[in-house]
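Chain and residue survey
Residue strings, one per chain:
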Amino acid sequence: MVSGCDYIGAVGIDVVMTKDQQVVVFTPVIDNVASVVTLQNSTLEQVKSNDIITLRQFFESYRGRNIEIFINIIPFSDIVPTSENIKQINDLYWNYVERVVSIVSEFPDIKTYLYSINRRVITYLTQQKKNYKVGIYLSPDDASFLDVDFYLFSPDMLNMNILNQQMNLKKEIVLLMLNCEQTQQVFQFFQQSKMADDGKKTIFDGSFFLTNYPSIVHHVVAYETDTK
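Predicted model, so just to flag it, every value in this text is computed and none were measured.

1. Brief notes about the packing of helix 7 (residues 180-192) against helix 8 (residues 197-205)
At a minimum axis separation of 10 Å, helix 7 and helix 8 run at an interaxial angle of 155°. When the axes of helix 7 and helix 8 are compared, the pair comes out roughly antiparallel. Each of Phe 187, Phe 190 and Gln 191 in helix 7 lies in contact with helix 8, whose residues at this interface are Lys 200, Ile 203 and Phe 204. Within the contact of helix 7 with helix 8, the residues separate by chemical class into 4 nonpolar, 1 polar and 1 charged.

2. Details of the environment of Tyr 132
Residue position: Tyr 132 is located in the loop between helix 5 (119-127) and strand 6 (133-137). According to the relative accessible area criterion, Tyr 132 is buried, its value standing at 5%. Ignoring sequence-local partners within four residues, the contact set of Tyr 132 consists of Val 101, Val 104, Thr 112, Leu 114, Leu 125 and Asp 149. Of the polar contacts made by the side chain of Tyr 132, one reaches the backbone oxygen of Leu 125; its length is 2.8 Å.

3. Description of the pattern of salt bridges
Inspection of the entire model under this criterion finds 8 salt bridges. For Lys 171, the salt bridge identified is with Asp 147, shortest N-O distance 2.7 Å. One end of the pair, Lys 171, is in the loop between helix 6 (160-168) and strand 8 (172-177); the other, Asp 147, is in the loop between strand 6 and strand 7 (150-153), with 24 residues separating them in the sequence.

4. A few points about the packing of aromatic side chains
Scanning all chains against the criterion turns up 16 aromatic pairs. On the basis of an interplanar angle of 25° and a centroid distance of 5.1 Å, the ring pair of Phe 59 and Phe 107 is categorised as stacked. With a gap of 48 residues between them, Phe 59 in helix 3 (residues 55-61) and Phe 107 in the loop between helix 4 (86-105) and strand 5 (112-116) connect regions that are remote in the sequence. Seen from their ring centres, Trp 94 and Tyr 124 are 5.1 Å apart, and the 75° between their planes marks the pair as edge-to-face. Of this pair, Trp 94 sits in helix 4 while Tyr 124 sits in helix 5, and the two are 30 residues apart along the sequence. Trp 94 gets classed as partly exposed once you look at its relative accessible area, which sits at 30%. We classify Tyr 124 as buried; its relative accessible area is 13%. The structure contains a cluster of three or more aromatic residues connected by ring pairs, namely Phe 70, Tyr 113, Tyr 115, Phe 150 and Phe 208. Positioned above the aromatic ring of Tyr 62, the side-chain terminus of Arg 65 is 5.0 Å from the ring centre.

Definitions and limits used
- Residues numbered from 1 in each chain as written.
- Predicted model: local features only at pLDDT ≥ 70, side-chain atom pairs only at ≥ 80, totals over all residues.
- Heavy atoms only, no water.
- Axes fitted to C-alpha atoms, helices over the stretch in contact; angles between N-to-C directions.
- Helix = DSSP H or I, 4+ residues; strand = E, 2+ residues; numbered from the N terminus.
- Parallel < 35°, antiparallel > 145°, perpendicular 65-115°, else oblique.
- Contact = heavy atoms within 4.5 Å.
- Nonpolar A, V, L, I, M, F, W, Y, C, P; charged D, E, K, R; others polar.
- Buried < 20%, exposed > 50% of the residue type's maximum accessible area, 1.4 Å probe, protein only.
- Polar contact = N/O pair within 3.5 Å; in protein donor to acceptor, adjacent residues only side chain to side chain.
- Salt bridge = Lys/Arg side-chain N within 4 Å of Asp/Glu carboxyl O.
- Phe/Tyr/Trp six-rings, centres within 6.5 Å; stacked < 30°, edge-to-face > 60°.
- Lys NZ or Arg CZ within 6 Å of the ring centre and 35° of its normal.

Below, the structure is given as structure tokens:
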């Protein structure tokens, strides 16, 4: 929980859909594909003993709090699209997104950001859009463009011209810093950029920081600010 940490403005979670079509919260997922597959091929009852909670339970726990929620919708890990199963896959993803959106819509007072690395998920989120913002986790393996509300940049996707362009278009920027190495890479990127300091500061100050170590990032940001 984040109570007492006034520098934390949002909470980020990952979700998957179980075999019996229940949307559950699962974090972390980095380098843990096998666990995602296990959840996606199990019923909710089968995984309850692992302290897995549903997305609805998660939202209930944050009802009435002044906090924003970032939700990473994890795609199905063990489904390979073919010409024979493409309709089945499309229907499965549509149902998955519809269930997430339905739960989020029950809590209109909680500002919610939904994103994924999967383009099908993003397309369906946009088509069903209600009281949430839609974003995409940018990947070096997919350079195609989608017009969404916000973009999530990992360190290897950082480009100052693109960041500046999207901010000028009033898009929201999320900088991913899940571990100490990524945190160092992001700060080095800004330090070494040849962009004028005012421009860098505008981008830096206007971005979200999504991290597993908020205290460390908070202290680094405070140090960087104090030393300028």
